[in-house]
Structures are given as structure tokens and as C-alpha cells.
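Here's the letter readout for the chains.
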Amino acid sequence: MDRFEAGCLPNGTATSGQVRSVMRRFGLVAATGEMASVYKILPWLSGEAIRAANFCFY
């Protein structure tokens, strides 16, 4: 989740608490998707869940 947040906001500061909260939720979805692909629950490539969450966040 921290890596997702760092990737979304390279300077490390969110403009508001709401933005950071939403970003953390997308990070949770990305982390969960990556774990599901590692455990072969989903047939996704490594990094696909992070890219999808990043696309939806923006």
C-alpha cells in the first residue's frame, strides 16, 4: 500500500485527508490483487493489479 501511495504521489504529500484515504483504499485493492496473482487465484501478470488500481485512481 505504501509503494502504491508513493507511486501515485511522488512528492509524498496528498492535498487533503480525503485524497490520502481514497488512495490508501486503492492501494489495498492493488495489494490484494497482487497477492491473488502470486497465489494463482487470478491469472494476472505481476504488476497488473497495481496498474489497474493506478488507472482507476486517476
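Calculation notes
Residues numbered from 1 in each chain as written. Predicted model: local features only at pLDDT ≥ 70, side-chain atom pairs only at ≥ 80, totals over all residues. Heavy atoms only, no water. Core = buried A, V, L, I, M, F, W, Y, C linked by side-chain atoms within 4.5 Å. Buried < 20%, exposed > 50% of the residue type's maximum accessible area, 1.4 Å probe, protein only. Helix = DSSP H or I, 4+ residues; strand = E, 2+ residues; numbered from the N terminus. Expected span 1.5 Å × (residues − 1). Patch = residues over 30% accessible without salt bridge, like charges linked within 9 Å, V, L, I, M, F, W, Y side chains within 5 Å. Areas by Shrake-Rupley, 256 points an atom, 1.4 Å probe, with all protein chains shown as cover. Salt bridge = Lys/Arg side-chain N within 4 Å of Asp/Glu carboxyl O.

1. As for the nonpolar core
In terms of nonpolar packing, the biggest core is built from seven residues, these being Phe 4, Cys 8, Leu 9, Met 23, Ala 30, Ala 53 and Phe 57. Elements that contribute at least two residues to this core include exactly α1 (2-8), α2 (17-38) and α3 (48-57).

2. Some thoughts on α2
The end-to-end C-alpha distance of α2, which contains 22 residues, comes to 31 Å, matching closely the 32 Å that a straight helix rising 1.5 Å per residue would cover. Of the residues trailing α2, Lys 40 is marked for its positive phi of about 60 degrees.

3. What about a nonpolar patch on the surface?
Together, Met 35, Val 38, Tyr 39 and Ile 41 make up a nonpolar patch on the protein surface, roughly 500 Å² of accessible area in all. Examined against the element boundaries, Val 38 turns out to sit in helix α2.

4. Some points on unusual backbone geometry
Phi angles above zero are rare outside glycine, and Lys 40 is one such case at about 60 degrees. Among the structural elements, Lys 40 can be located in the loop between α2 and α3.

5. Some thoughts on the pattern of salt bridges
Under the definition given, this model contains three salt bridges. With a shortest N-O distance of 3.1 Å, Glu 5 and Arg 24 are connected by a salt bridge. Of this pair, Glu 5 sits in helix α1 while Arg 24 sits in helix α2; the two residues are 19 residues apart in sequence, bridging distant segments of the chain. For Glu 5, a relative accessible area of 13% puts it in the buried group.

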